[in-house]
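Architecture and fold: a report
So the chains spell out like this:
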Amino acid sequence: MTKKTHILALDQGTTSSRAIVFDARGQAVSVAQKEFPQIYPRPGWVEHDPSAIWKTQLNTAKRALRLAKLSAGDIAAIGITNQRETTLIWDRTTGKPIANAIVWQDRRTADICDALRKDKADRLVRRKTGLEVDAYFSATKIQWLLDKTKGARAKARAGRLAFGTVDSWLVWNLTGGQTHITDVSNASRTMLFNIRTGDWDDELLRLLGVPRSILPRVVSSSETYAETRMLGQSIPIAGIAGDQHAALFGQCCHKPGMVKNTYGTGCFMLMHTGDKPMPSRNKLLSTVAWKIGDKTEYALEGSVFIAGAVTQWLRDELGIIKSSAEIEQLAGRVPDNGGVYLVPAFAGLGAPHWNPHARGTITGLTRGSNKSHIARAALEGIAFQVNDIIAAMERDAGTKLRELRVDGGASANNLLMQFQSDLLNVPVIRPSNTETTALGAAYLAGLAVGVWKNRAEISKQWKAAKRFKPSMKPATRKTLVSGWNNAMSRTQC
């Protein structure tokens, strides 16, 4: 029998579901992608239809296999990576969700978080989970769903409901309701998981009114959990990690001090910090990177809520571009931002500000400002937010950044990457394989089933495609950062 060497990675994102088949060299053999609707019931609310998440993910998985001219029998394992914090609750008997999924961007529970901070619960949460109290995380979303959905509390108490982040929902459906699990990286984003004990925390469950009976079993990021027959023949599910943790692994940032940034809907920067959680003094998040075997590794994270989504806003709401790819050309028509700054705080501000009530602003407009200046300010606004987080990371870690490894859709934008390098004053490196989120999930699954022997073998596959080197004068950088700080001060409500 020939050894199976292909891995199917399921990459369930905020705006689309993707499936990629990778070979043993870490190369993508096929890619299938399907967008699904975003639901905005009220300002600040964002929902997904759980059935749309499952259907699009299953369809892309089948299509990726067809495109690769492979059957389920050729696949060594499935790796799953997912949008994090997005919260689903379903009935264990019927498998039907009790409501739409509440998406990580959703701000409806900001008032619950304000009350927790008022009661000084934020210190307890930070100490146990490494997180800030914020509507971003799953815990207050669970509380809201149980309180606002008719009969949900009683069903939860009776053990009839299951909570999960998107990874749990996919595994539940892939296994026909037989397996209810989540990996440590996703668990560490709920605000209910103690990152030191490696288990759900009873004190936090009581504080937030979440019954333990609805929670999934916590597993490592790389092991054979279950099998699925949804694609024809039986395939082991052997790797799970939240999207940013998977990207850190896929970028081969396996050693302390290494940093990657994913430019997706939001921007997510992770620094590997070793085998102990590093508490942040600068409002970053201490999070589990992954667990392989008995060893848990940790990371510092800074989250920008709106990054690539600002390009969609320019396209869909303002109509100044027809496709996201046009923004680079439009922004490149002007030599600089002309004094215009765009702070895309459409969903509040994440690290290191943590202001859920902040709103987006455009400042510095004059009669001569045009759509190119706004496009450039939108791109630069992404880079400025990243710069703020890197500065906080450097203070926490007591070390200077040496290079930044980048991935995600907007990392293809050369103007943005060069400006990022100029702002940070370090090289920004785009790898030859920018599918690092899905690739990280594939690597974790492949490690579990022996496609790859160890991380050293995986690290040899990482190659740089383009290096952006800083060329900005210090005085220019200082002026730009000062203008950004002034614009930021105007967003704070």
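Let us look at the structure shown here. Note that the structure is predicted; figures quoted are calculated from it, not measured. (Residues numbered from 1 in each chain as written. Predicted model: local features only at pLDDT ≥ 70, side-chain atom pairs only at ≥ 80, totals over all residues. Heavy atoms only, no water.)

Quick notes on the overall build of the chain
Summing up its helical and strand segments, the chain has 16 helices and 23 strands in all. In terms of overall dimensions, the chain is globule-like: its C-alpha atoms have a radius of gyration of 22 Å, near the 23 Å expected for 493 residues. Summarising its shape, the C-alpha atoms of the chain cover approximately 60 × 55 × 45 Å along the three principal directions. Counting across all 493 residues of the chain, residues that qualify as buried make up 61%. (Helix = DSSP H or I, 4+ residues; strand = E, 2+ residues; numbered from the N terminus. Rg over C-alpha atoms; globule rule 2.2 N^0.38 Å. Buried < 20%, exposed > 50% of the residue type's maximum accessible area, 1.4 Å probe, protein only.)

A look at helix α9 (residues 243–250)
Of all eight residues in α9, eight are buried; the element is thus mostly enclosed. Every buried residue of α9 is listed here: D243, Q244, H245, A246, A247, L248, F249 and G250. One or two positions beyond α9, positive phi appears at C252, with a value near 60 degrees.

A few points about the pairing of strand β3 (residues 28–35)
Pairing of strand β2 (residues 16–22) with β3 involves seven bridges; the strand directions are antiparallel. Bridged to A19 within β3 is A32. (Pairing = 2+ DSSP bridges.)

Thoughts on the packing of helix α12 (residues 371–397) against helix α13 (residues 414–424)
The contact between α12 and α13 brings their axes to 9 Å, and the two run at 40 degrees. It follows that α12 is oblique to α13 by the angle criterion. α13 is crossed by α12, and the crossing has right-handed handedness. Taking contact as the criterion, the partners of R376, L379, E380, I382, A383, F384, V386, N387 and I390 in α12 are, on α13, L415, L416, F419, Q420, L423 and L424. Its residues placed into classes, the contact of α12 with α13 shows 11 nonpolar, two polar and two charged. (Axes fitted to C-alpha atoms, helices over the stretch in contact; angles between N-to-C directions. Parallel < 35°, antiparallel > 145°, perpendicular 65-115°, else oblique. Left-handed = near helix turned anticlockwise from the far one by under 90°. Contact = heavy atoms within 4.5 Å. Nonpolar A, V, L, I, M, F, W, Y, C, P; charged D, E, K, R; others polar.)

Considering helix α10 (residues 309–318)
Three or more residues of α10 are buried, namely A309, V310, T311 and L314. Check the buried side of α10 and you find it contacts α11 (326–331), β19 (341–343) and α12. Of the residues trailing α10, G319 is marked for its positive phi of about 70 degrees.

Focus: the nonpolar core
L192, I214, Y263 and L404 are the most contacted members of the largest nonpolar core, which has 101 residues in total. Among residues more than four places away in sequence, those in contact with Y263 are I382, V386, L404, V406, D407, G408, G409, A410, S411, L416, M417 and Q420. Ranked by size, the runner-up nonpolar core spans 36 residues in total, among them L10, F36, V171 and I240. (Core = buried A, V, L, I, M, F, W, Y, C linked by side-chain atoms within 4.5 Å.)

With respect to the environment of A464
Following the sequence through the fold, A464 ends up in strand β23 (residues 464–468). Exposure remark for A464: the relative accessible area of 37% places this residue in the partly exposed category. The spacing of A464 and H245 is 219 residues in sequence and 20 Å in space, taken between C-alpha atoms.

Re unusual backbone geometry
Even without a glycine there, the phi angle at E85 is positive, about 70 degrees. For E85, the location among the structural elements is in the loop between β5 (75–82) and β6 (88–91). The backbone of M191 sits at a positive phi, close to 75 degrees, despite the residue not being glycine. The topology assignment puts M191 in the loop between α7 (184–187) and β10 (193–194).

Topic: the pattern of salt bridges
Any two side chains of opposite charge can pair, on the condition that their charged atoms come close. Applying the stated criterion across every chain yields a total of 25 salt bridges. R18 serves as the salt-bridge partner of E435, at 2.8 Å between the closest nitrogen and oxygen. With E435 in the loop between β22 (428–431) and α14 (436–449) and R18 in strand β2, the pair connects residues that are 417 residues apart, well separated along the chain. Residue E435 is classed as partly exposed on the basis of its relative accessible area of 21%. (Salt bridge = Lys/Arg side-chain N within 4 Å of Asp/Glu carboxyl O.)

Considerations on the packing of aromatic side chains
Each aromatic ring pair is specified by the distance between its two centres and by the angle formed by the two planes. Applying the stated criterion across every chain yields a total of 14 aromatic pairs. Judged by centre distance (6.1 Å) and plane angle (65 degrees), the rings of W104 and Y136 are edge-to-face. Taken together, the residues W104 in the loop between β7 (101–102) and α2 (110–118) and Y136 in the loop between α3 (121–129) and α4 (138–148) connect sequence positions 32 residues apart. You'll find W104 and Y136 in the same group, each marked buried. Ring geometry for F193 and W200: centres 5.8 Å apart, planes at 80 degrees, overall edge-to-face. In this structure an aromatic cluster arises from ring pairing among W104, Y136, F137, F268 and F305. Above the face of the W45 ring, R108 is positioned so that its terminal group lies 3.8 Å from the ring centre. The ring of F468 has K466 sitting right over it, with the charged end atom 5.2 Å from the ring centre. (Phe/Tyr/Trp six-rings, centres within 6.5 Å; stacked < 30°, edge-to-face > 60°. Lys NZ or Arg CZ within 6 Å of the ring centre and 35° of its normal.)

Section: the side chain of R108
Mapping R108 onto the fold places it in the loop between β7 and α2. Side-chain polar atoms of R108 contact the side chain of E47, separated by 2.9 Å. (Polar contact = N/O pair within 3.5 Å; in protein donor to acceptor, adjacent residues only side chain to side chain.)

A few points about the state of the cysteines
Here the structure, examined in full by the defined rule, presents zero disulfides. Not part of a disulfide, C252 finds its nearest cysteine sulfur in C253, a span of 7.7 Å. (Disulfide = S-S within 2.5 Å.)

Description of the pairing of strand β13 (residues 222–228)
Two elements, β13 and strand β14 (residues 235–242), share four bridges in a ladder whose sense is antiparallel. The residue bridging T228 from the neighbouring strand is I235, located in β14.

So, the environment of N387
Its place among the elements puts N387 in helix α12. Note on N387: relative accessible area 15%, which makes it buried. Measuring from C-alpha to C-alpha, the distance between N387 and G242 comes to 23 Å, with 145 residues separating the pair along the chain. Those residues in contact with N387 that lie beyond four places of it in its chain are Q420, L423, L424 and V481.

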